[in-house]
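Each chain is listed here by its residues.
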Amino acid sequence: FLILAGLIRANVTSNEVSKFSEALASFNPDWIPGLYPAEFDPGRRQWLFQLLAGPLIYHLGFPGASISGRLVCFALYALAFASLAARLRLHAVLMVAVVAALDYAPSIAAGEWLFRGFEPKALSYPLILLSLSKLLGEKVNLRLVALLSGLALSLHPLVGLYGAFSITGTLL
């Protein structure tokens, strides 16, 4: 139910429109000639998201990319929460309750959310959660932790920094 609600809730939000426009303009500069001033390079901001999402948006359009991108995000979150639950030995029912609570009241501060769209932070957060779960294992693979953290940082610098602080705190 949570996944279905997330797929159809506020499809192609205002923030998705701006992120999708930048990704599509980066992938296909002829999409809307003159959309961006000559000195603006949409490839400088959140380049990894644009690299991944541009072709998807080009071939599926905004609504199709929004729905398929959300499915990818949900799969990443499922993997991250399952990994965290296993590492922390938490019952699956508790994790469903956590996800429902995060969906119902997603932000403690700064208006951040986890599940409400397909944009860079929606890919970055599960990578951080996966990275943290990998730190909690008996055999820690710091290269994998660094890779996941680096991808999160490349997708969304602010979320990546949140994650870097969390990972540093966990390592200390």
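All of the points below concern the structure found in this document.

Thresholds applied
Residues numbered from 1 in each chain as written. Predicted model: local features only at pLDDT ≥ 70, side-chain atom pairs only at ≥ 80, totals over all residues. Heavy atoms only, no water. Helix = DSSP H or I, 4+ residues; strand = E, 2+ residues; numbered from the N terminus. Buried < 20%, exposed > 50% of the residue type's maximum accessible area, 1.4 Å probe, protein only. Contact = heavy atoms within 4.5 Å. Areas by Shrake-Rupley, 256 points an atom, 1.4 Å probe, with all protein chains shown as cover. Axes fitted to C-alpha atoms, helices over the stretch in contact; angles between N-to-C directions. Parallel < 35°, antiparallel > 145°, perpendicular 65-115°, else oblique. Left-handed = near helix turned anticlockwise from the far one by under 90°. Nonpolar A, V, L, I, M, F, W, Y, C, P; charged D, E, K, R; others polar. Expected span 1.5 Å × (residues − 1). Arc of directions from axis to C-beta. Core = buried A, V, L, I, M, F, W, Y, C linked by side-chain atoms within 4.5 Å.

### As for the overall build of the chain
Piece 1. If you tally the helices and strands in the chain, you get seven helices and zero strands.
Piece 2. Counting helices and strands in the order they occur from the N terminus, the chain gives α-α-α-α-α-α-α.
Piece 3. A total of 172 residues make up the chain; the buried ones form 40% of that total.
Piece 4. Sequence separation of 24 or more characterises 71% of the internal contacts of the chain that already satisfy a separation of 6 or more.
Piece 5. If you sum the accessible surface of the chain, you get close to 9,600 Å²; carbon and sulfur atoms cover 69% of it.

### Remarks on the packing of helix α3 (residues 47-88) against helix α5 (residues 120-135)
Piece 1. Where α3 meets α5, the axes come as close as 8 Å, and the angle between the chain directions of the two elements is 25°. With respect to their mutual orientation, α3 and α5 come out roughly parallel. You can see that α3 and α5 cross each other, and the crossing is left-handed. Along its contact with α3, which presents Phe 49, Val 72, Cys 73, Leu 76, Tyr 77, Leu 79, Ala 80, Phe 81, Ser 83, Leu 84 and Arg 87, the element α5 presents Pro 120, Lys 121, Ala 122, Leu 123, Tyr 125, Pro 126, Leu 129, Leu 130, Ser 133 and Lys 134.
Piece 2. Classifying every residue of the contact of α3 with α5 by side-chain character gives 16 nonpolar, two polar and three charged.

### What about helix α4 (residues 92-104)?
Piece 1. The terminal C-alpha atoms of α4, which comprises 13 residues, lie 18 Å apart, in line with the 18 Å expected from a rise of 1.5 Å per residue.
Piece 2. Every buried residue of α4 is listed here: Met 95, Val 99 and Asp 103. Buried residues of α4, viewed axially, fall in a sector of 75°; they line one side. Away from the buried face of α4 by more than 90 degrees, exposed residues Val 93 and Tyr 104 are located.

### What to know about the nonpolar core
Piece 1. One finds Phe 20, Phe 49, Ile 57, Tyr 77, Phe 81, Phe 115 and Phe 118 to be the most contacted residues of the largest nonpolar core, which totals 37 residues.
Piece 2. Listed by contribution, the elements that provide at least two residues to this core are α2 (14-27), α3, α4, α5, α6 (142-155) and α7 (157-171).
Piece 3. Element by element, the count of residues in this core is highest for α3, at 13 residues.
Piece 4. If we ignore the near neighbours within four places in the chain, the residues touching Phe 49 are Lys 19, Phe 20, Gly 54, Phe 118, Glu 119, Pro 120, Leu 123 and Leu 155.

### Examining the environment of Glu 112
Piece 1. Mapping Glu 112 onto the fold places it in the loop between α4 and α5.
Piece 2. Since its relative accessible area comes to 17%, Glu 112 is described here as buried.
Piece 3. Measuring from C-alpha to C-alpha, the distance between Glu 112 and Val 159 comes to 9.8 Å, with 47 residues separating the pair along the chain.

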